[in-house]
Amino acid sequence: MIKSILKLFSVVFISTSLTVISTVASAEITINWPSIWVGKDSKSTVISELVDEFNAANSGSIKVVIEEQTDYDIYAQKLTAQISTGDLPDIFTVGADLLDILHRSGKAMDLAPHVASDSHWSNVYPDGALESNMMGGQLTNLPYELFVTPVTYNKKLLKAAGYDEFPATYDEFFKMCEAVTATGKVCTSQMTAKNAWTSMLWFSQALASAGGPNVYDRGLDDPAFVKAFEVMEKMYQYTTSDAVGADAGVSGGHFLNERTAVFMNGPWFIARYTSDGIPGLHENIGVAPAPMLTGGEGAPGGYVGGKQSSLAAGKQSDPAKEEAVVKFLKWLTTPENVARLSYSSGAMFIVKADLPSDMDRLFIEMNEQKGNAPYVAKTFMNGMGSLPIVSEFPQALSALALGEVTPEGAVEMLKDAE
Amino acid sequence: MQIKKDEVVWLLLFIAPTIILFFLFFIIPILFLFVTSFTNWDGISAEFVGLENYTKLFNKKSFVRAITNNLYWCLTAALITVPLALIIALLLAHRSRGWKVFRTVLFIPQVVSSAAIAMLWAAMFNAEYGLVNFLLDYIGFSDYKNHNWLGNVRTANAALIGFSLCYVGYFMVIMLAKTAGISEDYYDAANIDGASQFQKDLHITAPLIKSTFFLCIILAVIFNLRQFEYVYLMTAGGPANKTQVLVVYIWNELSVQRLGRGNAAGVIMIAIGAILLLSLRKLLKSETYN
């Protein structure tokens, strides 16, 4: 009898202990973050450090877990599906093209009450930066990474072609390309795979140059679109033989290996000139605003850029988890942490941060040129405001590059996509 | 066989899980697909738009090209891949020395992820550093030194479909398995009659595995109607939509939030699949010898 009671007591004691242990263990809040800032991404090291430091500081109460997303396009498509199904991650980054649907889904956490209840974000963001992101009184994203896309060029290769300065007009630019080709090198890195990113940036530059920074307001009937495609048609005469079908890795790889002389991408690529480029590449790189189209509505020195990614969070039913998510978002947006991210990667952020005086030379040049720019026009991807048109762009561009359609035909392909 | 009244309850009880799962994961999604194909559903809201999605799809060159390309895939699989698999199966059925090695080598690609195969071939076809151009240049075709196989409208489809034809292992194994079940008596009789190996293959083995051969054709058509990985990873339907196929087209529609139109394309794909299958079944009716 006593044995039975002892057995029963032991069972009750063990199960109670296990319950208590599991309750204590489950008190730790786990925040899942499907992050694109992993692997080869220039921000991956510092992001990983920031997460580790946050986890260490909140040990036992909050744990941020990074789910590695190594392909930007696949991530964007996955996120699009998650927005539709309402199955949003705890924390995520979102591109400007998905902000509208994210807000309309009603599944994103409204950060407006948190901004109002705490001075952190009003202190770290420039005036009006958060207000301009509000929709219907809600703030479903925090603008985070900014970008500009100047031309980066290999000074050594241009010098070999007889050029000390980067040309200011497209007429001169294509003459320079002839000269570069004559030296046995290829002038530009282009691509058409996925979203045709680097070529899309060139197209955006030509578009702003032809039609001015507000060209998108006038729609696809504006002649500037045809002019921009004319520039791209010529651009593909001076690119690598694998440009049609190439992705950003191939396009960037040619420039990193000095096969091409001119490349266009955002400041986040700066770190890769050193980490992945051939020895000495970084020292040879120059930065310049894109050339201008003679007779265009753009202005010399005009830049293309905008919001690259915003931070957002899925709606939470548990107030404690919501607080934990907000705490981590604040951690990511402290001026010190943003300065670290910027310093290591070369990326630009909207958060006010005291950047070290020894920032990368290319970053400083880009920042200065951006400051002097008469405008920073949107990219085609962000400016068009239409996912189907943006999605059709690579096909229209490849058709143009292969001579399947004229510049007018490429514009028609975009119109047809809508 | 007569089913007794008290057995009906048990019968229903036993088939209920299958019926329920079939409805849940097959009938309901298809109904959902069909209903939403008449809306402009974008994942957030939906309005009834009648046949607009269907008319817009059929007015799009890229969609019609996707259907045509899918038919090319199906046709080449049925006319080249499966017959090629049959020839290899017949050769391996002789159980010559080393046949197991060949069988394994040919089957290995089936256990490798198709994504990995696609990436491998994309690198092989690369214009700047691809092995295909290197080999062509090496054997004297220097015009192809920098040819962009997947980025050229004239060669993209051929390159894409062409390399996939090499993957015959799956069908070869199915047909080879069937040959193992053929009674040795037939071959003994043929040997007594003095038949050559070719005659035995042609008049005994081939007819006896005809039903399996036809099954392989049907499977190949189904597989190629839903072709996705190779096209998506190697060309994404490009250049200029020339290699577009139905599933990639649907994927693109869904990724730009045009779920209603994507679903309409899905309905059309199901209809094409049903028509193809019914036609093939009628066309390839065969008697079984064994």
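Keep in mind that what you see is a predicted model, and the values were worked out from it rather than measured. (Residues numbered from 1 in each chain as written. Chains lettered and ligands numbered in written order. Predicted model: local features only at pLDDT ≥ 70, side-chain atom pairs only at ≥ 80, totals over all residues.)

**Q** Is there a simple way to explain the overall build of chain B in this structure?
**A** The number of helices and strands found in chain B is 14 helices and zero strands. The order of helices and strands in chain B, counted from the N terminus, is α-α-α-α-α-α-α-α-α-α-α-α-α-α. When the backbone C-alpha atoms are referred to their principal axes, chain B occupies close to 80 × 75 × 30 Å. Per-residue burial for chain B yields a buried fraction of 34% across its 290 residues. (Helix = DSSP H or I, 4+ residues; strand = E, 2+ residues; numbered from the N terminus. Buried ≥ 20, exposed ≤ 12 C-beta atoms within 10 Å, placed from the backbone.)

**Q** I would appreciate a short explanation of the interface of chain B and chain A in the present structure.
**A** Interface size, as often reported, equals the accessible area lost upon joining of the parts. Residue-level contacts link 22 residues of chain B with 24 residues of chain A. Across the side of chain B that touches chain A, the residue classes break down as eight nonpolar, twelve polar and two charged. (Contact = placed C-beta atoms within 7 Å. Nonpolar A, V, L, I, M, F, W, Y, C, P; charged D, E, K, R; others polar.)

**Q** Please clarify how the sheet that holds strand β6 (residues 186-188) of chain A should be interpreted in this entry.
**A** The strands that make up a sheet pair up through hydrogen bonds in the backbone, lying either parallel or antiparallel. Residues and elements named next belong to chain A. Here we have four strands laid out as an open sheet, ordered β6-β7-β5-β8, and mixed in their pairing. Unpaired on one side and paired on the other, β6 and β8 (285-288) mark the two borders of the sheet. Strand-to-strand twist of the sheet, defined as the mean angle between neighbouring strand axes without regard to direction, takes the value 20°. (Pairing = 2+ DSSP bridges. Axes fitted to C-alpha atoms, helices over the stretch in contact; angles between N-to-C directions.)

**Q** Explanation requested: the domain arrangement of chain A in the structure shown.
**A** Residues and elements named next belong to chain A. The domain architecture assigned to chain A consists of domain 1 (30-146 + 307-349) and domain 2 (148-305 + 368-417). Computed from C-alpha atoms alone, the centre-to-centre distance between domain 1 and domain 2 is 30 Å. Taken together, the twelve residues of domain 1 in the interface contact 13 residues of domain 2. Residues of the side of domain 1 that touches domain 2, tallied by class, amount to four nonpolar, five polar and three charged. (Domains from an automatic or database assignment.)

**Q** I keep staring at the nonpolar core and nothing clicks. Help me out?
**A** Most often, soluble globular proteins keep nonpolar side chains buried together rather than apart. If you look at the biggest cluster of nonpolar residues, it comprises 186 residues, and the most contacted ones within it are L207, A228, M232 and A410 of chain A together with V82, A85 and M175 of chain B. A per-element tally of this core places helix α3 (residues 61-92) of chain B first, with 13 residues. Taken domain by domain, the makeup of this core includes at least three residues from each of domain 1 (30-146 + 307-349) and domain 2 (148-305 + 368-417) of chain A. Filtering out sequence-adjacent residues up to four positions away, A410 of chain A remains in contact with F229, A396, L397, A399, L400 and V405 of chain A. (Core = buried A, V, L, I, M, F, W, Y, C linked by C-beta atoms within 7 Å.)

**Q** What exactly am I supposed to notice about helix α19 (residues 407-417) of chain A here?
**A** Given 3.6 residues per helical turn, the α-helix brings residues three or four places apart onto the same face. Residue and element names in this part refer to chain A. The set of residues buried in α19 consists of A410, V411, M413, L414 and A417. An end-on view of α19 places all buried positions within 150° of arc, on one side of the element. On the buried face of α19, the contacting elements are α10 (223-235) and α18 (387-401). (Arc of directions from axis to C-beta.)

**Q** Explain the environment of S255 of chain B here, please?
**A** Structurally, S255 of chain B is set in helix α13 (residues 246-255). For S255 of chain B, a count of 19 C-beta atoms within 10 Å translates into the label partly exposed. Setting aside residues no more than four positions away along its own chain, S255 of chain B makes contact with Q77, T80 and S391 of chain A.

**Q** Got a minute to help me understand the environment of T36 of chain B in this structure?
**A** Residues and elements named next belong to chain B. Looking at the secondary structure, you find T36 in helix α1 (residues 5-36). Classification of T36 as buried rests on a count of 20 C-beta atoms within 10 Å. Taking the C-alpha atoms as reference, T36 lies 50 Å from L91; in sequence the two are 55 residues apart. Those residues in contact with T36 that sit more than four places away from it in its chain are W41, A46, L259, G260 and N263.

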